[in-house]
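Observations on the three-dimensional arrangement
One letter stands for each residue in the lines below.
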Amino acid sequence: MRTNGKGTATVIQESRSLTNDFTADEFVAGWYLVIHCNEELSRTLHALRPNKKRKKNPKLNSYLRTSKPSGIQHRQHTQYQVRGDGSISYTRSYLEPPKNAQATTQPKSTTSALIPDQFDNTVESWDVDTVPFDDEDVRIGRAPGDHPLLVWLKDRPLFLEEILRLEGKGNLRNAPCSGCGDLSPNYRCEDCFGVNLQCSSCIKTAHQLHPLHRLQKWNGMFFERVTLKALGLRIQLGHAPGQVCPKPHRAFNDDFVVMDSHAIHEVSLDFCGCSNAVAHVQQLLRISWFPSTTANPKTAATFRLLEEFHILSFESKVSAYEFYNALTWRTNNTGLAPVKFRYECFMRMLREWRHLTMLKRSSRGHDPKGLDATVEGECAVLCPACPHPGKNLPDNWENAPQAKRWMYALFVAIDANFCLKRKVVSNNFTDPSLSRGWTYFVEEAGYKEFLAEKINIVQEKSTCSSHTAVNMADTKTNRGLAATGLGTIDCARHNMKRPNAVGDLQKGEKYINMDYLFFSTLRHSSLKTLNISYDIACQWHKKLWQRMSAFPTSMQFDHTSKAISFFVPKFHLPAHVEKCQTTFSFNFKRGVGRTDGEAPERGWANINPVASSTKEMGPGARRDTLDDFFGDWNWKKVVGLGNTMQRKLKEAVPQCADHQAALNDLEEGLKEEYGEVLEQWRSQVEAWENDQSQLNPFERNSDVITLASVRLALAKEEEQSMQSGARISLHEDCSPSILISSALELEEQQRRLRADKDGRGLHITDNQEGKLVERSNALQCRLDSWVKIQELYMPNVAAMRISDNATAANPSSISSTAESFKLWLPSQIGRSLPCDQSLQRTEWRLRYAQGHDALRSLRSCLRAQTAILKHKDRHLRGQGANTRARNTLKAIDIRIESATRRYESAHKALVVLGNLLNESGWQSSLRPLSRQDIRSMSDILWGESKGRRKLSWIWNMRGAGGSEKDDNGALEDMRIEWCKARARAMQWEEEVALLREEMRRIGAFLRWEARRWDERRNEVVPTDAEHEDGCVAYAHRQAHLRMQLAASFEANWAQTLSHLNVQDGSEECII
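Residues numbered from 1 in each chain as written. Predicted model: local features only at pLDDT ≥ 70, side-chain atom pairs only at ≥ 80, totals over all residues. Heavy atoms only, no water.

To continue, consider the sheet that holds strand E21 (residues 529–534). Spatially, E20-E19-E16-E21-E22 is the arrangement adopted by the five strands of the open sheet, whose pairing is mixed. Strand pairing shows two members of the sheet lacking a second neighbour, strand E20 (497–505) and strand E22 (563–567), which therefore form its edges. Here the average twist between neighbouring strands, direction ignored, is 20 degrees. Direction of pairing for strand E16 (residues 410–417) relative to strand E19 (residues 485–491): antiparallel, over a ladder of six bridges. Note that in E19 the partner of Asn417 across the bridge is Leu486. Running at roughly 160 degrees to E20, helix H13 (residues 511–522) makes contact with E16, E19, E20 and E21 of the sheet. (Pairing = 2+ DSSP bridges. Helix = DSSP H or I, 4+ residues; strand = E, 2+ residues; numbered from the N terminus. Axes fitted to C-alpha atoms, helices over the stretch in contact; angles between N-to-C directions. Contact = heavy atoms within 4.5 Å.)

And the structure:
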């Protein structure tokens, strides 16, 4: 094999096979398989290639199996290079796999690779310009088809050449006018199809129907911009194209500006002045031009432009200012011909367009009572999957059996967003909202009036964890802000904004604001079962009904006649105290399926990018804009329900079967040992599900062990022993338990002193050094006193201490530092010296309690750290406030480190004492503590996601209750595990049933909407025949759309639902 002068390779014809005749020595010596393919060789290589289909999801770094012991052959790596002449070559290397690599593919043929198995690193080079690739190569992913960008590089000069060609006349240099045959045509249109040159007369005539196209004129050297207005084109309104009005009325100053997708145009416009002519505004609207004003308009925007920005703002969150500037630069980006400034007109037209689009889509143009009859919340896009009486529920839903009523429950989720602020800009008088509470925001006047009456109410503090939303609601800074954020009420299962459920927060997340939004949106529902999710529900719900009495009568309802449950969202739940984690958990309640309550959090990611624009708006413009965005979000959710519900059902069905099987297996195993109490557990958990005041079966009933409680128990035992004469105290002031507990205190003081000395700076002052020396001296005195008492109970320790000091390299240094003084407790002696077993037992009990105390302290510090970090991110601004927060966090880090060292010391002692005393079972609650275990509940390890994250084991412990060896403790653990397994199986079963019911409701709701549009078609009161025709056509289109959505969804679900119906023994589909 040798290469030619161009760098490509040729093949020397030798008597060897391409597949297996190359020797190992040739490959090791540096042989590269560099092939210059001809047609015959290409067919040969193609015949050797295995005929296998391309995988839909190819695996990266996949390895082939071989006969090697590891079972792995090579990994393929391809490197591309671009030569100076524009051609491309690539080098394919087969690399040695890592030792722990797993085989992922099995070759179907032994000739699937040209590289022998016995070689580890070989290279295969190809020249893209000379290797032919047929359609089959591209279909199965062969290079260069997978890299079209690299293939395009060799054609780059061609593209540039053609683009430059269009700057001149091209092949039309000598061509006559395409209209009249004039020999010197100089005009062309940028927006018409194709490239044609025309004279001024022909191009003006051709653009009577395209007055907003952009023209170019050849000036002898290049094409320059020219307008149709400059050529004398006048746009006539009110008449058929080509006709001239006998009484034309020119636009103001004969200077009319039209904003279109391509540019901002100046046109010559004539309104119709005939006796039967309509108003100027109507003449503009009838050619799909939106006027900026209703009196003597001088500016308009095409419907096409407004719709383009409307959709673009939803998808990219682009601001109107950025969009307008882009349109201006597209009109002229040289600065030599300034474009007339129409930004304020554009903003006004956009706002009016948003509002009119909302009214049109909510059928307000078909109401015979007119727009003024619109009621609050009527223009909102409703969730089809939620229950709506009279729309998608059975006629007798109120009389459904008790076991089925949970399926007709309304799930709502409450949350606040502090990104959507608004500065103090304008006011409601200057900038009022156009909708007046017709969609998602509450009616502003009534909302502000109610808040003004309750301004002096002081919000009660949280009795749970440090909830910033509760405790800091009155202290949140609002300087320079008219609104610090938004409060919302969402559909908790389908993540849609509810009508009249959004309102501004003036100063933090106060109860009074959230109460108003909650009661406001519930006016639109008459359901009897409510499931309410709120991240501070444990505090918010306490006096909710008492606070309701202060609201207007229209917002109040009889809560005693409803089944209302309160929950904390699953992701927020770990930040609460342990009692809340079971009482308000979605995981343990009946009738909620797999709802997690985190729906509002998912929607904030979509709306937050708008905050940079809306915070500068006036109050009315901001509310109208956010209403429009919420409506778009709801509609996207509606049209996506087909795939969403299908995906959820496909996930829920196998999970339901798996968890039910797991529960059955668990109960089968329990029947042998716990069969007698299994029914008691079942009765207990069912009683708690029906009445939350009953004993919670998911909580431990045993008392929590603490170091103080163990000391008290030991003291009482020693008192009884001394009274009975079974034990004699060797010291009048110090019993054995006091000796060991005092040693634990001395250990803690040693750790603190050691940490303080290690934290000394390079420039410590004499005062600081003196305080450390004083502490060290005081500790040494206490140690000396304790050692004298220790020698009474443990006389062998004295000889060990002397021996240890004698063998040390520098005995004086050991005895002189109090923090390094060794106490020689029973756990430190081990089996090296005999020790009283009662002392070992005493230390074991104290160490066991010390370990749990340290874990509780660690969990408390981590909760505080999380709360401070959230408060810092949400509320603190400025260097001073953040510095103070960092100092607080530093102090908490020190406490975390102290609790960690205390736990490690206790665990080390328990390991030694457990072996001496034959203790077992304690390891399940006090495990070895690694650094990655010390994390908060919301922290995610590297490689984890929120859906796959696992809590650290330190959060799985709710305090050690009872003895781990005790039968009652084991029975309690088994009861809790069985209750959780039952809850999981029950909730997945409920999820399947609830999804099927929601699918039925979606179809029913869409059909109800279709019927409603058909009714609207007959209710319209037209002003003329053309208006009636438009209203009827639009109603037909909307009704047809709803029917199409329903049919599409049901066709998508049919196979899955039919499979479930077969499993259930049902012959009739649920839809």
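In this model, the chain carries a mean pLDDT of 80, and residues with pLDDT of at least 70 account for 76%. Within the model, the stretch residues 52–73 combines pLDDT values under 50 with 51 contacts to residues more than four positions away or in other chains. Throughout residues 1066–1071 the model reports pLDDT below 50, and contacts reaching past four residues in sequence, or to other chains, amount to 14 contacts. (pLDDT = per-residue confidence, 0-100.)

With that settled, the discussion passes to the pattern of salt bridges. Taken as a whole, this structure holds 52 salt bridges when the rule is applied. Among the ionic pairs, Glu190 bridges to Arg225, the shortest N-O distance being 2.9 Å. A residue pair is termed long-range when its members are at least 10 positions apart, and Glu190 in the loop between strand E7 (187–189) and helix H6 (200–206) and Arg225 in strand E9 (residues 223–226) qualify at 35 residues. For Glu190, a relative accessible area of 31% puts it in the partly exposed group. Classification of Arg225 by relative accessible area gives partly exposed; the value is 47%. Here Glu897 makes a salt bridge to Arg931, at a shortest N to O gap of 3.2 Å. Of this pair, Glu897 sits in helix H28 (residues 879–917) while Arg931 sits in the loop between H28 and helix H29 (967–1019); the two residues are 34 residues apart in sequence, bridging distant segments of the chain. The class of Glu897 is partly exposed, set by a relative accessible area of 27%. (Salt bridge = Lys/Arg side-chain N within 4 Å of Asp/Glu carboxyl O. Buried < 20%, exposed > 50% of the residue type's maximum accessible area, 1.4 Å probe, protein only.)

This next bit is on the sheet that holds E7. Spatial ordering of the open sheet is given by E7-E8-E9, a layout of three strands whose pairing is antiparallel. Of all the strands in the sheet, the pair left with one neighbour each is E7 and E9. Shown here is a sheet whose adjacent strand axes are inclined to one another by a mean of 35 degrees, direction ignored. With four bridges joining them, strand E8 (residues 215–218) and E9 adopt antiparallel strand pairing. Counterpart to Trp218 in the pairing with E9 is Phe223.

This part takes up H28. Between its terminal C-alpha atoms H28 stretches 56 Å, which fits the 57 Å expected from 39 residues at 1.5 Å a residue. Asn918 lies just past H28 and shows a positive phi near 60 degrees. (Expected span 1.5 Å × (residues − 1).)

The next subject is the packing of helix H17 (residues 599–607) against helix H19 (residues 619–639). A packed helix pair is summarised by two numbers, namely the angle formed by the two axes and the spacing between the axes. Here H17 crosses H19 at 120 degrees, and the two axes come no closer than 11 Å. Considering their axes alone, H17 and H19 lie oblique with respect to each other. Regarding H17 and H19, the two cross each other, and that crossing is right-handed. Contact residues: H17 offers Arg602, Gly603, Asn606 and Ile607, while H19 offers Leu626, Phe629, Phe630 and Trp633. Within the contact of H17 with H19, the residues separate by chemical class into five nonpolar, two polar and one charged. (Parallel < 35°, antiparallel > 145°, perpendicular 65-115°, else oblique. Left-handed = near helix turned anticlockwise from the far one by under 90°. Nonpolar A, V, L, I, M, F, W, Y, C, P; charged D, E, K, R; others polar.)

Looking now at the environment of Ala1010. Relative to the assigned elements, Ala1010 resides in helix H29. Put simply, Ala1010 and His1036 are 26 residues apart on the chain and 8.8 Å apart in space, counted from C-alpha to C-alpha. With residues near it in sequence (within four places) discarded, Ala1010 still touches Ala1039, Arg1042 and Met1043.

Axis separation between helix H8 (residues 303–316) and helix H10 (residues 343–361) bottoms out at 10 Å; the angle between their running directions is 80 degrees. Classified by the angle between their axes, H8 and H10 sit roughly perpendicular to one another. Together, Phe303, Leu305, Leu306, Glu307, Phe309, His310, Ser313 and Phe314 of H8 and Phe346, Met349, Leu350, Trp353, Arg354 and Thr357 of H10 make up the contact between the two elements.

So, about the nonpolar core. Counting 44 residues, the largest nonpolar core has Ile414, Phe518, Phe519, Ile532, Trp540 and Phe566 as its most contacted members. When contributions to this core are tallied by element, the ones reaching two or more residues are E16, helix H11 (444–453), E20, H13, E21, helix H14 (537–540), helix H15 (544–548) and E22. Those residues within four positions of Ile414 in sequence are excluded, and the remaining contacts are Thr488, Ile489, Met514, Phe518, Ile532, Ser533, Tyr534, Asp535 and Trp540. (Core = buried A, V, L, I, M, F, W, Y, C linked by side-chain atoms within 4.5 Å.)

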